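Structural features, examined
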Amino acid sequence: MTSTIMNAPVNTPPAAPRLGWLDALRGFAALVVVLFHVSPYAIGAANHAVLGHYFDMGKFGVLLFFLVSGYVIPMSLERHGSPRRFWVGRVFRIYPAYLLSIVVFAGFVLAGMTTVPGALRRETVTGVLGHATMLQEFVGGRGLLRPFWTLSYEMTFYLVVVGLFVWGLHRLSALWAAGLLLTSVLVGTALPKNLFGSGMADHRMLALVLALLVGASLVAYLSGLRWAVLAAGLAGLCFVALPLLNGHPSKGASTNSSWQAAFMLAVMFAGTVIYRTQHGQISRWVAFPLLTAITVGVGLNTWLQVGGRFELYKWCTTAVAVAVAFGIAFAVRHRPVPHVMTWLGAVSYSLYLLHKLAVNAVVNVLPDTALDSLPGRAGTVVLILAVALGAAWLSYRYVELPGQQLGRRVQRYLDARLGPEQWRRPPASPAVPAPRAESTAPVPAAT
């Protein structure tokens, strides 16, 4: 098939066992994020606020997930060597549970148990387009569910990383991490927070443009046409402008500035640096100082840009805890992982999307006096965890897994119609071994 980028059929890489230590990290981070949202009911809102001055459990989960995502996504993409297969896998991996959470949220609204955020009622078109692309965080909207905000960073990272891959720039992870770090630190508050507009009309136009770009890029990747894939890759690289120049387009944004949004993306590229260092693609003499700078910079830069000793405490302790957690998991990666942790990692995506609804459901059902005693608080926490984990398992079993199976059928159909795609693979050498396994669950988190 001469019109495509491949010259000869290429066998699909065999399925590989999941990396248990990454699943354990996801499971651990999932539990921490859920406990963060449960803690006001467990220890009281006042104590929860005091704890937040010194350590932010929610941001811990977010940064840990971003680090894991940065490690996993390039491994998945490069293992297959196919942008088309990557995107088909991503879409059918993340959208089914995402759409389910929206449907469940709509049910809660109809039942009078929650309401649509005011920003979405005012800017409905922007909200619909933003949710369609998962880029609502950068177009001035906010998610129907608060956990959706990290999906915008995940999607941006996917677009940029695939763009780097098709242009042969994917080994430059250290430069991207360092560039985002230096931009955040040196430019800081001078970065525009809403360069692409702050009004309703601007938000709507930006959401429309991004929806068209994402849609056209996916069509290009699916086609396999070389010129189209290269054009889509170039467009993907441009998406880095969203966190850099439009990181705080409205009051509803979860980050307070573009420099902080850039730092979030830098943490994701830090995960890629770890992956490449492990496989001999980046020198340890480059990786270790860079990773240290990012860890320290998360706290110190927030203090320099925002000020306040509690900001320094909170971000420094959180960043160090993320580094320690990832380091411990990485150090014991060859050891057996408890089944409960791999199970928790498997259902973690649905758990993140649905746990706030579980909290809402339990709090609405229980009487107001349930939190007036220690046994009542303990029972509330146990009930929330049981509902959240049960809902996550049902979503994983009956929505996520069938979605992945459908994605594999779509991939086989496209391979049969267009021919197996092979863009490029890492060179085979003893110094750069191929990844041993694929563990590609998405890792959005919530705070």
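Refer to the structure presented above.
In this report, we go over the structure that sits alongside the text.

Conventions adopted
Residues numbered from 1 in each chain as written. Predicted model: local features only at pLDDT ≥ 70, side-chain atom pairs only at ≥ 80, totals over all residues. Heavy atoms only, no water. Helix = DSSP H or I, 4+ residues; strand = E, 2+ residues; numbered from the N terminus. Expected span 1.5 Å × (residues − 1). Core = buried A, V, L, I, M, F, W, Y, C linked by side-chain atoms within 4.5 Å. Buried < 20%, exposed > 50% of the residue type's maximum accessible area, 1.4 Å probe, protein only. Contact = heavy atoms within 4.5 Å. Phe/Tyr/Trp six-rings, centres within 6.5 Å; stacked < 30°, edge-to-face > 60°. Lys NZ or Arg CZ within 6 Å of the ring centre and 35° of its normal. Patch = residues over 30% accessible without salt bridge, like charges linked within 9 Å, V, L, I, M, F, W, Y side chains within 5 Å. Areas by Shrake-Rupley, 256 points an atom, 1.4 Å probe, with all protein chains shown as cover. Salt bridge = Lys/Arg side-chain N within 4 Å of Asp/Glu carboxyl O.

Between the first and last C-alpha of helix α7 (residues 149-166) there are 27 Å, a value that for 18 residues agrees with the 26 Å anticipated at 1.5 Å per step. One or two steps after α7, the chain reaches Gly168, where phi turns positive at roughly 70°.

The biggest cluster of nonpolar side chains holds 117 residues, and the ones touching the most others in it are Leu22, Tyr71, Met155, Phe269 and Phe326. If we ignore the near neighbours within four places in the chain, the residues touching Met155 are Trp87, Ile94, Tyr95, Thr133, Met134 and Leu135.

Another aspect to go through is the packing of aromatic side chains. Enumeration over the complete set of coordinates arrives at 22 aromatic pairs. Judged by centre distance (5.9 Å) and plane angle (85°), the ring pair of Phe28 and Phe60 falls under edge-to-face. Here Phe28, found in helix α1 (residues 20-43), pairs with Phe60, found in helix α3 (residues 57-80); they are 32 residues apart in sequence, far enough to count as distant. Take Phe28: its relative accessible area is 36%, and that puts it in the partly exposed class. The class of Phe60 is buried, set by a relative accessible area of 4%. Centroid distance Trp149 to Tyr153: 5.7 Å. Interplanar angle 90°. Geometry classified as edge-to-face. Placement of the pair is Trp149 and Tyr153 together in helix α7, with a separation of four residues, close to one helical turn. The ring of Phe330 is capped by Arg333, whose NZ or CZ atom sits 3.9 Å from the centre of that ring.

Once that is clear, we can look at a nonpolar patch on the surface. Residues Trp167, Leu169, Leu172, Leu175 and Leu234 make up a contiguous nonpolar surface patch of about 460 Å² in total accessible area. Following the sequence through the fold, Leu169 ends up in the loop between α7 and α8 (173-187).

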